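# Architecture and fold: a report
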Amino acid sequence: MKKITVTLLGICLAAFSFGQTSENEKLIELAKAYKNFMFRNEPPKEFVKNLQSNTFDNLKLTTNFIAQTITTDNDLLKQQFLTLPDNQTLKNIYIVRLINYNIREENQIDNNKLIDSLKTADIPKNELVDCYYSILFGSVGNKIQPFNFSKLDFKLDDYNLSNDTEKGIFYLECMDYCGKTIWGYMNIAKPVNTEKAYYNIKRFPQFNGLKYFQFTDLNFPDFEMLIVKDKGRQSYKSYYINKLYDTLLSHLICLNKKGASEKDINNLLLGSILKDNNLYKYSKQKATLESIFKEQKQE
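The helix and strand inventory of the chain stands at 12 helices and five strands. Counting only C-alpha atoms and orienting by the principal axes, one finds that the chain spans roughly 95 × 40 × 40 Å. Within the span of the chain, comprising 299 residues, buried residues form 46% of the whole. Contacts spanning at least 24 positions in sequence make up 71% of the contacts within the chain whose residues lie at least 6 apart. Accessible surface, the chain: about 16600 Å² in total, of which carbon and sulfur atoms supply 50%. Charged side chains of the chain number 40 positive and 35 negative; the gap between the two group centres comes to 3 Å.

Okay, here's the thing in structure tokens:
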């Protein structure tokens, strides 16, 4: 009887070990799919179908999300995906992204060791939330063209975001993507192409029924995380709010260039964080921001 019990135990442990290994293999498969098709390459339909059909129950949400990120004209801007998933799915997606980074390296570490270390790691929730929306909006930019968010109104209370920090992360990741759609026109084009930049600005989304620049709930506590490779942990707000200020200043330049009304200019100046000197410390354009409002007072 003891021999049978030991044998059964051995079978169970072997099955458990196989299951764990198979889950790791699925995470690696998802990471490779993401790496190969995250930009403009379009995967065969049969490839996506197989990716989604052969998975584990606890990886279904992760698999469906990654499948969307590699699919042209995806559903990532629908409520189903805008809504923050459970913590385990967030961590799985975080793991997929780090495997993706690893397999791009010439000197890789073993993916199974990487996965096992990440599974037991205590990763701050803010980093998981940022990873999710960074991938989401990045994939929208890579796979849905041309850019047009003008009909979108993101209702931040509807997406399972538990506090102002998570809502701020959603907003800043979205605006980071939006800002990229005008950056080239304002920083690379010679001369600066404010007409095309403003064309895209008019296609920015709303948040909670307000114009994009009227979202000002960014006084959540700052935190540090790894944002740019090889730069170590950075201030989250210094990185993303700086980019937001750049977008707002570009908007202001566009309005001045097109001879916008004083009302429209003041709506931007006084209805956005452009007036919030408490946040200037996060911008590399602090002197410019201070000079704008100094001029306004003198006038």
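From this point on, the discussion continues.
As a further point, take the sheet that holds strand E2 (residues 206-207). Reading across the sheet, the three strands line up as E1-E2-E3 and stay open at both edges, with mixed pairing between neighbours. Taken across any chain shown, the strands that pair with only one partner, and hence form the sheet edges, are strand E1 (153-154) and strand E3 (210-211).

Below, the discussion takes up the packing of aromatic side chains. Applying the stated rule across the entire model yields 24 aromatic pairs. Arranged with centres 6.2 Å apart and planes meeting at 55 degrees, the rings of Phe-207 and Phe-215 form a pair that is tilted. Ring geometry for Tyr-236 versus Tyr-240: centroids 4.6 Å apart, planes at 40 degrees, classification tilted. Pair noted here: Tyr-236 and Tyr-240 are both in helix H10 (residues 236-257), with a separation of four residues, about one helical turn. Using a relative accessible area of 7% as the deciding quantity, one classes Tyr-240 as buried.

The complete set of buried residues in helix H6 (residues 111-120) reads Asn-111, Leu-114, Ile-115 and Leu-118. Within H6, the buried residues cover an arc of 95 degrees as seen down the axis, which keeps them to one side. Exposed side of H6, more than 90 degrees from the buried face: Lys-113 and Thr-120 are the residues found there. Of the residues that open H6, the one with a side-chain oxygen 3.0 Å from the backbone nitrogen of Asn-112 is Asp-110.

Turning our attention to helix H7 (residues 125-143). Counting along an α-helix, one turn takes 3.6 residues, and residues three or four places apart therefore face a common direction. In a regular helix each residue adds 1.5 Å, so 19 residues correspond to 27 Å; H7 covers 27 Å between its end C-alpha atoms and thus fits that length. Counting buried positions along H7 gives 15 out of 19 residues, so the element sits mostly inside the fold.

Another aspect to go through is the packing of helix H3 (residues 60-69) against helix H5 (residues 87-103). As a packed pair, H3 and H5 sit with axes 9 Å apart at the nearest point and diverge in direction by 50 degrees. As far as their axial angle goes, H5 and H3 are oblique. By crossing handedness, the relation of H3 to H5 is classed as right-handed. Together, Leu-61, Thr-62, Phe-65 and Ile-66 of H3 and Thr-89, Asn-92, Ile-93 and Val-96 of H5 make up the contact between the two elements. Tallied by class, residues from the contact of H3 with H5 come to five nonpolar, three polar and no charged.

All right, on to unusual backbone geometry then. Between Gln-145 and the following residue, Pro-146, the backbone shows a cis peptide bond with an omega angle of -5 degrees. Counting through the fold element by element, Pro-146 comes out in the loop between H7 and E1. Residue Pro-191 is reached from Lys-190 by a cis peptide bond, and omega for that bond is 0 degrees. One non-glycine residue, Asn-208, lies in the positive phi region at around 55 degrees. With respect to the secondary-structure elements, Asn-208 resides in the loop between E2 and E3. Overall, the relative accessible area of 37% leaves Asn-208 in the partly exposed class.

This brings us to the pattern of salt bridges. Under the defined criterion, the tally for this structure stands at nine salt bridges. When the shortest N-O distance is used, the salt bridge between Asp-153 and Lys-155 registers 2.9 Å.

Next up on the list: the environment of Asp-264. Tracing the backbone through its elements, the reader meets Asp-264 in helix H11 (residues 262-271). According to the relative accessible area criterion, Asp-264 is partly exposed, its value standing at 39%. The spacing of Asp-264 and Leu-27 is 237 residues in sequence and 49 Å in space, taken between C-alpha atoms.

On to the side chain of Thr-247. Its place among the elements puts Thr-247 in helix H10. In this structure Thr-247 comes out as buried when scored by relative accessible area, which is 6%. Not counting residues within four places of it along the chain, the set of residues in contact with Thr-247 comprises Met-175, Gly-179, Ile-182, Phe-204 and Tyr-212.

Scoring rules and cut-offs
- Positions within a chain are numbered from 1, following the residues in the order the chain's sequence is written.
- Where totals are concerned, whole chains, interfaces and linings use all residues; where local detail is concerned, this predicted model gives features only for residues with pLDDT of at least 70, and gives and counts side-chain atom pairs only at 80 or more.
- Think of the side-chain values as coming from all heavy atoms in the structure, minus any hydrogens and water.
- Runs of H or I in DSSP of at least four residues are treated as helices and runs of E of at least two as strands, each being numbered from the N terminus.
- A simple rule labels every residue: compare its accessible area, found with a 1.4 Å probe on the protein chains alone, to the largest value its type can have, and call it buried under 20%, exposed over 50%, or partly exposed in between.
- Note on definitions: a residue-residue contact is assigned when non-hydrogen atoms from the two residues lie within 4.5 Å.
- Here, Shrake-Rupley sampling with a 1.4 Å probe gives the accessible areas, and only protein chains in the shown set may cover a residue.
- In this count, Lys and Arg are taken as positive residues and Asp and Glu as negative ones, while His and the chain termini are left out.
- Positions of charges follow a simple convention, taking NZ of Lys, CZ of Arg, CG of Asp or CD of Glu.
- Strand pairing is assigned whenever DSSP detects at least two bridges linking the two strands.
- Any two of the Phe, Tyr and Trp rings considered here, Trp counted by its six-membered ring, make a pair once their centres fall within 6.5 Å; the pair's planes then place it as stacked at under 30 degrees, edge-to-face at over 60, or tilted in between.
- Each direction from the helix axis to a C-beta atom contributes to the arc, which is the arc of those directions.
- A 3.5 Å cut-off defines polar contacts: any pair of N or O atoms within that distance qualifies, except that in protein one atom must be a possible hydrogen donor and the other a possible acceptor, and neighbouring residues in sequence count only when both atoms are side-chain atoms.
- Expected helix span is given by 1.5 Å per residue-to-residue step, counting one fewer step than there are residues.
- Simply put, an axis is a line fit to the C-alpha atoms, just over the touching stretch for a helix, and the angle between two N-to-C directions goes from 0 to 180 degrees.
- Angles are sorted into four bins: roughly parallel if under 35 degrees, roughly antiparallel if over 145, roughly perpendicular if 65 to 115, and oblique for all others.
- What makes a crossing left-handed is the near helix being turned counterclockwise from the far one by less than a right angle; a clockwise turn instead makes it right-handed.
- For this classification, Asp, Glu, Lys and Arg are treated as charged, while Ala, Val, Leu, Ile, Met, Phe, Trp, Tyr, Cys and Pro are nonpolar and the rest, including Gly, are polar.
- Here, a salt bridge means any side-chain nitrogen of Lys or Arg that lies within 4 Å of a carboxyl oxygen of Asp or Glu.

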